[in-house]
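Residue strings, one per chain:
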Amino acid sequence: FTGNTNGTGTIRYFGDIGSGLVERTRIYDNKMALAGYAIAGAVGADATDPTELTIRNSTISGNHGNGPAVRANDDAVLRVGSATIAGNDGPGLWSSFDTTIKNTILAANGTDNCVTTSPSSLGYNLDSRDDCKLGGPGDIVNGNAALGALKDNGGPNWTRAVRTSSDARHDR
């Protein structure tokens, strides 16, 4: 998803729809209205039927607007794994309910990398600030992500490669 201009969001789902999956996807260079977002999910039919959004092996970068790149409100459950949420104009991750992250880089996003409720860490995440209040095994706070430009780095999707100077590299 790239080059979209939208008032409220590039990928958006609300209501009683069950689960959503964003996998092996790049979402970049989209222009949202002031409070827009790149991906959002909201409440299910009631508190016993929450909507769940999973983001895996995806890059969300370079999106424009003051709203968060990823937003999960109300009773939405958000699972983020092996993702890069970096270099967006607004905050990186905004959630108000049950959010977990694992193997994810949150770096250089507008005002904050995480807003509202801090996510539960399953480990091996990097926060270039200390906005997400990470505490899982292998987590890095105030880390240097040292990400390259978004491009084809040889995988199934464009990514922002981790440079040799990055704190996210395990071979350092």
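Here, the structure is the one placed above.
Cut-offs applied
- Residues numbered from 1 in each chain as written.
- Predicted model: local features only at pLDDT ≥ 70, side-chain atom pairs only at ≥ 80, totals over all residues.
- Heavy atoms only, no water.
- Disulfide = S-S within 2.5 Å.
- Helix = DSSP H or I, 4+ residues; strand = E, 2+ residues; numbered from the N terminus.
- Pairing = 2+ DSSP bridges.
- Buried < 20%, exposed > 50% of the residue type's maximum accessible area, 1.4 Å probe, protein only.
- Contact = heavy atoms within 4.5 Å.

Trainee: Before we move on, can you summarise the state of the cysteines with the specific residues and values?
Mentor: With the rule as written, the count across this model stands at 1 disulfide. Here Cys114 is linked by a disulfide to Cys132, with a sulfur-sulfur distance of 2.0 Å. The chirality of the disulfide connecting Cys114 with Cys132 is right-handed, given an S-S dihedral of about 85°. You can see Cys114 sitting in strand β15 (residues 114-116) and its partner Cys132 sitting in the loop between β17 (126-127) and β18 (140-141), a full 18 residues away along the chain.

Trainee: So what's going on with the sheet that holds strand β4 (residues 26-28)? Which residues, and what values?
Mentor: Here 6 strands make up an open sheet; going across it, the order is β4-β8-β11-β14-β17-β18 and the pairing parallel. Strands at the two margins of the open sheet, each flanked by one partner only, are β4 and β18. Here 3 bridges tie strand β8 (residues 59-61) to strand β11 (residues 84-86), and the two strands are oriented parallel to one another. Note that in β11 the partner of Ser61 across the bridge is Ala86.

Trainee: With reference to specific residues and values, describe the environment of Gly136.
Mentor: Residue position: Gly136 is located in the loop between β17 and β18. By relative accessible area, Gly136 is classed as buried at 14%. Put simply, Gly136 and Ile101 are 35 residues apart on the chain and 9.6 Å apart in space, counted from C-alpha to C-alpha. Setting aside residues no more than four positions away along its own chain, Gly136 makes contact with Ser121 and Gly123.

All we've got here are geometric facts, nothing functional implied.
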